[in-house]
Amino acid sequence: MVDIKVWDILVRIFHWSLVLFFSIAYISGGEDEWLSIHSYAGYTIIAIVLLRVLWGFVGTKYARFSNFVTGPQKALNYLKEEVSGDAKRYLGHNPAGGLMVIMLLISLVVTVISGMAIIATDGEGPLATTFIASFSGDWLEEIHEIFTTLILLLVLTHIAGVIFSSLLQEENLVKAMITGKKQVHKNDGSNE
Ligand code: HEM
Ligand code: HEM
């Protein structure tokens, strides 16, 4: 068995910063006196996400979207195979994990933009001078809350998926997201 570098340094920094800033944004949400921390955590998140999207086109092999983005049908088939115990092992994201990554990235962007739109209706933030400032604040707050809850549900499912796959593959995937390395087994399927 040999070790192979799967997650490059940028993917790892991206991931653990996202965990940190998402926690800060989630905890500080809804408290008036924390709005400044809350919005800066949100701006940091959108900067990280945009950088990650760029890296998805020009980054290293396993970081690229072309390596792991598949449709819902493939993701569903993979989950069925995992449950029945005959799923192929992937070095990068498996099809279900890949779909989860995309859903998380999109939901994070919608949440941050809806947050920016809420404060724009009060004449604050970078969108205050745009047409968005004339939108209904109540409606935007609904969107912000729905997507925040959606991300929380996705994150819980994400963590459950990571634990489940780790047990199934007898490999600590959390450790792999820290060191960047995974073990290559002799008869692995890869992400080719
Ligand atoms: C402490 C909680 C968390 C743990 C233990 C964890 C663990 C992991 C692991 C092990 C992977 C790699 C999965 C694989 O091998 O295919 C991963 C990927 C990912 N996770 Fe998490 N995660 C956590 C929280 C979060 C949160 C809060 C978010 C977002 C709000 C998030 C977003 C992502 C994304 C976007 C990826 C894809 C990484 C990339 O390709 O750049 N995770 N996570
Ligand atoms: C991914 C990033 C973000 C997350 C996870 C998040 C999460 C939350 C949560 C949990 C709440 C409390 C909702 C409630 O009261 O029930 C909230 C409220 C709020 N957020 Fe965010 N938020 C994010 C980004 C932003 C950004 C970037 C801004 C502004 C620039 C913002 C502005 C607000 C405002 C003004 C409220 C209060 C709305 C109200 O009174 O209902 N948020 N957010």
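About the criteria used
Residues numbered from 1 in each chain as written. Chains lettered and ligands numbered in written order. Predicted model: local features only at pLDDT ≥ 70, side-chain atom pairs only at ≥ 80, totals over all residues. Helix = DSSP H or I, 4+ residues; strand = E, 2+ residues; numbered from the N terminus. Buried ≥ 20, exposed ≤ 12 C-beta atoms within 10 Å, placed from the backbone. Contact = placed C-beta atoms within 7 Å. Near = placed C-beta within 6 Å. Nonpolar A, V, L, I, M, F, W, Y, C, P; charged D, E, K, R; others polar.

Let us now look at the overall build of the protein chain. Broken down by element type, the protein chain carries seven helices and two strands. Going residue by residue from the N terminus, the α and β elements of the protein chain occur as β-α-α-α-α-α-α-α-β. Considered along the principal axes of its C-alpha atoms, the protein chain spans approximately 60 × 30 × 25 Å. Looking at the protein chain as a whole, 22% of its 192 residues qualify as buried. At a minimum sequence separation of 6, the contacts of the protein chain that also span at least 24 residues come to 65%.

The next point concerns the site of ligand 2. Neighbouring residues of ligand 2: 23 residues in total, closest G29, G30, S39, G42 and G115. Counting only elements with at least two residues in the shell around ligand 2, the list comes to α1 (9-28), α2 (35-58), α5 (95-120) and α6 (137-169). Within the shell around ligand 2, the residues separate by chemical class into eleven nonpolar, ten polar and two charged.

Contacts to ligand 1 come from 20 residues, most closely from F22, H93, G97, L173 and M177. Broken down by secondary-structure element, the contributors of at least two residues to the shell around ligand 1 are α1, α5, α6 and α7 (173-179). Among the elements that make up the shell around ligand 1, the one with the highest residue count is α1 (six residues). Classifying every residue of the shell around ligand 1 gives 15 nonpolar, four polar and one charged.

In this structure, H38 sits in helix α2. By the C-beta count within 10 Å, which is 20 here, H38 ends up buried. Placed 52 residues apart in sequence, H38 and Y90 show a C-alpha to C-alpha distance of 36 Å.

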